[in-house]
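Report on the structure
Take a look at the letters that make up each chain.
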Amino acid sequence: EKVIDLCVYVVLEYDVKNDLFRSRIHRLIPKNGLAMDEFIEHIHPNDQAIIKRQFDIEIAGKSHTDELKARWNIGTIEKPEWHYFEGYSISDADEDGTINSLFIVGNDVTDIIRETTHTEKNASRYKKIFQTSLTAMSFYTADGYILDINDKMREICKITEKTELADRKSGSAGMPRP
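Residues numbered from 1 in each chain as written. Predicted model: local features only at pLDDT ≥ 70, side-chain atom pairs only at ≥ 80, totals over all residues. Heavy atoms only, no water.

With respect to a negative patch on the surface
Quick note on the threshold: Candidate patch residues must exceed 30% relative accessible area and have no salt bridge, after which like charges are joined if within 9 Å and Val, Leu, Ile, Met, Phe, Trp or Tyr side chains if within 5 Å. Methods summary: accessible areas were calculated by the Shrake-Rupley approach with a probe of 1.4 Å, and residue burial reflects only the protein chains presented. In the sections that follow, a salt bridge refers to a side-chain nitrogen of Lys or Arg positioned within 4 Å of a carboxyl oxygen of Asp or Glu. His is not counted, nor are the chain ends; Lys and Arg add positive charge and Asp and Glu add negative charge. The atoms used to mark charge sites are NZ of Lys, CZ of Arg, CG of Asp and CD of Glu. Numbering of helices and strands runs from the N terminus; a helix is a DSSP stretch of H or I covering at least four residues, while a strand is a stretch of E covering at least two.
A surface patch of negative charge is lined by Asp19, Asp37, Glu38 and Glu41. Relative to the helices and strands, Asp19 resides in the loop between β1 (10-15) and β2 (20-25).

Thoughts on the pattern of salt bridges
To be explicit about the condition: Residue burial is assigned from relative accessible area. The probe radius is 1.4 Å, only protein chains are included, and a residue is buried under 20% of its type maximum, exposed over 50%, and partly exposed in between.
Scanning all chains against the criterion turns up six salt bridges. Of the charged contacts, one joins Arg24 and Glu13 as a salt bridge, the two residues approaching to 2.8 Å between their closest N and O atoms. Here the residue Arg24 occupies a position in strand β2, and Glu13 occupies one in strand β1, the gap between them amounting to eleven residues. Note that Asp56 and Lys52 form a salt bridge whose closest N and O atoms lie 2.8 Å from each other. Of the two residues, Asp56 and Lys52 are both situated in helix α2 (residues 45-59); the distance of four residues between them amounts to about one turn of the helix. Take Asp56: its relative accessible area is 37%, and that puts it in the partly exposed class.

What to know about α2
The test is simple: How far a helix is expected to stretch is found by multiplying one less than its residue total by 1.5 Å. As used here, the arc is the angular range of directions from the helix axis to the C-beta atoms. Should any heavy atoms of two residues lie within 4.5 Å, those residues are considered in contact.
Under the 1.5 Å per step criterion, the end-to-end length of α2 is 21 Å for 15 residues, consistent within 8% with the ideal 21 Å. Where α2 is concerned, the buried positions are Asp47, Ile51, Gln54, Phe55 and Glu58. Taken end-on, α2 shows its buried residues confined to a sector of 95 degrees, consistent with a single buried face. Looking at the buried residues of α2, the elements they touch are β2, α1 (36-41), β3 (65-73), β4 (82-93) and β5 (99-108). The first or second residue beyond α2 is Gly61, which carries a positive phi of 80 degrees.

Some thoughts on empty space enclosed by the protein
Heads up, the condition is: Cavity: a set of points on a 1 Å grid over the protein atoms alone where a 1.4 Å probe fits but cannot get out. Pocket: an open set with protein on both sides within 12 Å along at least five of seven lines, its lining residues, like those of a cavity, having an atom within 4 Å of a point. Grid points are joined across faces, edges and corners, and a volume is the space filled by probe spheres set on the points.
By the definition in use, this model includes one cavity of 30 Å³ or more. A volume near 210 Å³ is recorded for the largest cavity. Around the largest cavity, the lining is made up of 19 residues, and of these Phe39, Leu68, Ala70, Phe85 and Ile104 lie nearest the centre. Residue assignment for the lining of the largest cavity shows that the elements contributing at least two residues are β1, α2, β3, β4 and β5. Among the elements that take part in the lining of the largest cavity, β3 stands out by supplying five residues, more than any other.

A short note on the pairing of β4
Rules: At least two DSSP bridges between two strands are needed for those strands to be called paired.
Pairing between β3 and β4: nine bridges, direction antiparallel. Within β4, the residue paired with Asn73 across the bridge is Trp82. Judged from the nine bridges that link them, β4 and β5 form a sheet pairing that is antiparallel. Within β5, the residue paired with Ile90 across the bridge is Phe103. Counting the residues in the hairpin turn of β4 and β5 gives five residues, including Gly97, whose phi is positive at 90 degrees.

Given below as structure tokens:
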């Protein structure tokens, strides 16, 4: 079991006949399993209806695989701790087409989402500082082509929206105009 926990994926199986979710890899849910209603309660309220509808469609045999994205509470009801999971649900049917099981395979992308959000906030913060600076600034490639220019530099160099594109292509952005 410890070797299986090294896997980055979460694998759950839902037994349709017995209404029971069980963890196959990683213990995302209790060892004795969860009924569908209990499972859905762990999903963020904003995601519950979508996930339930996806499961219902697969159990009815109208689809056999679906992409899943949901927030899962790894905390308690009193103190929720939401983690982001992305993956797929895949139905398994017997010979007559009756759906016996759903398999949910995915991984926790919480750290990736938090890092991306943090990076985007920082980028936005620095972009705002760059754009509102009283100092004229511009950034160039090694070949002398403009990457970015702030409003103060546009003002000093008399760069307009019309001339900026041409300036970027020619490498002359940031050069004072007569």
